[in-house]
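Descriptive analysis of the structure
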Amino acid sequence: MIPFNVPPLYGTEEERIHEAIQSHKICGDGEFTEKCHQWIENKTGCPKALLTTSCTHALEMAALLCRIQPDDEIIMPSYTFVSTANAFVLRGAKIVFVDIRPDTMNIDENLIESAITNKTRAIAPVHYAGVSCEMDTIMSIAQKYNLFVIEDAAQGVMSSYKGKALGAIGNFGCFSFHETKNYSMGEGGALLINDEKYIDEAEIIREKGTNRSQFWRGKVDKYRWIDFGSSYLPSELNAAYLYAQLEHDQEIYDNRMQSWNRYYVGLKDLQEDGKIDLPLIPDECTHNAHLFYIKVKDIEERQNLILYLKEKGVETVFHYIPLHTAPAGLKWGRFHGEDRYTTRESERLLRLPMYYNMPAEYTDQTIKAIKDFYVGNK
Ligand SMILES: *Cc1c(COP(=O)(O)O)cnc(C)c1O
């Protein structure tokens, strides 16, 4: 069976973890965590990055930093992972879902403004598949109405929009280093703080509401309880695993891009014949080959294709039951305007096997099986 995902493993992770153990500092904020922070800051240009225990927790930190209050409204797409919404629902906020664009599966930037009310506090764009949302439009709406922008860039590490790294455009950006993402530490993430005035507060919230980070740096002589907070910092063992991959960022990126391009070229005739749709990368975006999807006719054809591919030894998956149709979404959210594309397009989407070091034969076998399904050459 060709697996859908294999967690990234470069080969030097054990060595780096061993170094972390030998350093006798395995809690958070040691040497490897600092190296990961520097990598993120150098790559994205954000003034301050903080590793977190997950992207979910980075989103929660962003919601705390924005001081989201009960009944505040947050605008986001319904086609996303639950964490984008949960982070704000935990603060008592209501979610206002806006339809997506069928071409990128990202929030339709032209529908945001009409969803704004006097309760709106923030916009949370999600860069699906590591392809950027239309950030110029989103940032100018946010500025006009004085709203926070929290980028869910879980899938967007090493992607850019008009030359700017994803995660470094809004007030806050959130990365994921989960095992299903391009660079991993098992479970983990990062908060990118793009507005320097939030750096101190972010460090306090991440360190259980204390100013321990400042204490370590010798800026204060004792550390105390300053604000609300929790424990959002990962252990050095996890940071060491991640850093081993960040040291080889380009190689991992190129390897994934090869698989992505191979799929794209191999499946192009099916798109030209009108059988399937392939991902669109707008001109102003560079992507990171996070995932490869095809879009088929409808949910029924997708189910048949999944079963057919399974028989041929290819594991494929779909994702995101639109949040506004799920029990929690009905309770804490509402859909603004018409659901023209969210449900329809989510039902058409199928993700193909994609991971670091996937053999080219696997890509070719997957392409062939999809072609056989459509050409009827079974
Ligand atoms: C993976 C993902 C998350 C959650 O990331 P974790 O690190 O697992 O918490 C959030 N949003 C999106 C869009 C994701 O793809």
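Residues numbered from 1 in each chain as written. Predicted model: local features only at pLDDT ≥ 70, side-chain atom pairs only at ≥ 80, totals over all residues. Heavy atoms only, no water.

Our next topic: the overall build of the protein chain. From N to C terminus, the protein chain includes 13 helices and 13 strands. Over its C-alpha trace the protein chain gives a radius of gyration of 21 Å, about what one expects of a compact globule, namely 21 Å for 378 residues. Expressed as lengths along the three principal axes of its C-alpha atoms, the size of the protein chain is roughly 75 × 55 × 35 Å. Total accessible area computed for the protein chain in this model is approximately 16,100 Å², and 50% of it derives from carbon and sulfur atoms. Averaged over its 41 positive side-chain charges, the protein chain has a centre that lies 3 Å from the centre of its 54 negative ones. (Helix = DSSP H or I, 4+ residues; strand = E, 2+ residues; numbered from the N terminus. Rg over C-alpha atoms; globule rule 2.2 N^0.38 Å. Areas by Shrake-Rupley, 256 points an atom, 1.4 Å probe, with all protein chains shown as cover. Lys, Arg positive; Asp, Glu negative; His and termini not counted. Charge placed at Lys NZ, Arg CZ, Asp CG, Glu CD.)

Before going further, it helps to spend a moment on helix α4 (residues 82-89). With six of eight residues buried, α4 is to be regarded as a mostly interior element. Inspection of α4 places Ser 83, Thr 84, Ala 85, Ala 87, Phe 88 and Val 89 among the buried residues, and these make up the whole buried set. (Buried < 20%, exposed > 50% of the residue type's maximum accessible area, 1.4 Å probe, protein only.)

Here three strands make up an open sheet; going across it, the order is β7-β6-β10 and the pairing antiparallel. A single partner strand is all that each edge strand has here, and the edge strands are β7 (164-165) and β10 (285-286). Both strand β6 (residues 160-161) and β10 contribute to a ladder of two bridges, which runs antiparallel. Of the residues in β10, the one forming a bridge with Ser 160 is Thr 286. (Pairing = 2+ DSSP bridges.)

This part covers the nonpolar core. Counting residues in each nonpolar core, the largest one holds 74 residues, and the members touching the most others are Ile 40, Leu 51, Phe 177, Tyr 183, Leu 267 and Ile 294. Beyond its immediate sequence surroundings of up to four residues, Ile 294 is in contact with Leu 267, Ile 276, Asp 277, Leu 278, Leu 305, Arg 348, Leu 349, Leu 350, Leu 352 and Ile 370. Grouped together as the second largest cluster of nonpolar side chains are 36 residues, Ala 58, Ile 95, Ala 122 and Phe 335 included. (Core = buried A, V, L, I, M, F, W, Y, C linked by side-chain atoms within 4.5 Å. Contact = heavy atoms within 4.5 Å.)

Another aspect to go through is the layout of surface pockets. When its volume is computed, the largest pocket comes out at roughly 420 Å³. Counting only elements with at least two residues in the lining of the largest pocket, the list comes to α3 (55-65) and α4. At three residues, α3 tops the list of elements feeding residues into the lining of the largest pocket. Here the residues of the lining of the largest pocket sort into eight nonpolar, twelve polar and four charged. Of the pockets and cavities examined, the second largest pocket occupies roughly 200 Å³. Where the lining of the second largest pocket is concerned, the elements lending two or more residues are α2 (31-44), β1 (48-52), α6 (199-206) and α7 (212-216). Here the lining of the second largest pocket is composed, by residue class, of two nonpolar, three polar and eight charged. (1 Å grid on protein atoms, 1.4 Å probe; cavity = no way out; pocket = protein on both sides within 12 Å on 5 of 7 lines; lining within 4 Å. Points joined across faces, edges and corners; volume = space filled by probe spheres on them. Nonpolar A, V, L, I, M, F, W, Y, C, P; charged D, E, K, R; others polar.)

Surveying the vicinity of the ligand reveals 13 residues, the closest of which are Thr 56, Asp 152, Gln 155, Ser 176 and Lys 181. Note that an oxygen atom of the ligand is positioned 2.8 Å from one of the backbone N or O atoms of Cys 55. For the ligand, the accessible surface in isolation is 380 Å², of which the surrounding protein chains cover 93%. Split by residue class, the shell around the ligand holds five nonpolar, six polar and two charged. (Near = heavy atom within 4 Å. Polar contact = N/O pair within 3.5 Å; in protein donor to acceptor, adjacent residues only side chain to side chain.)

Structural measurements only, silent on function.
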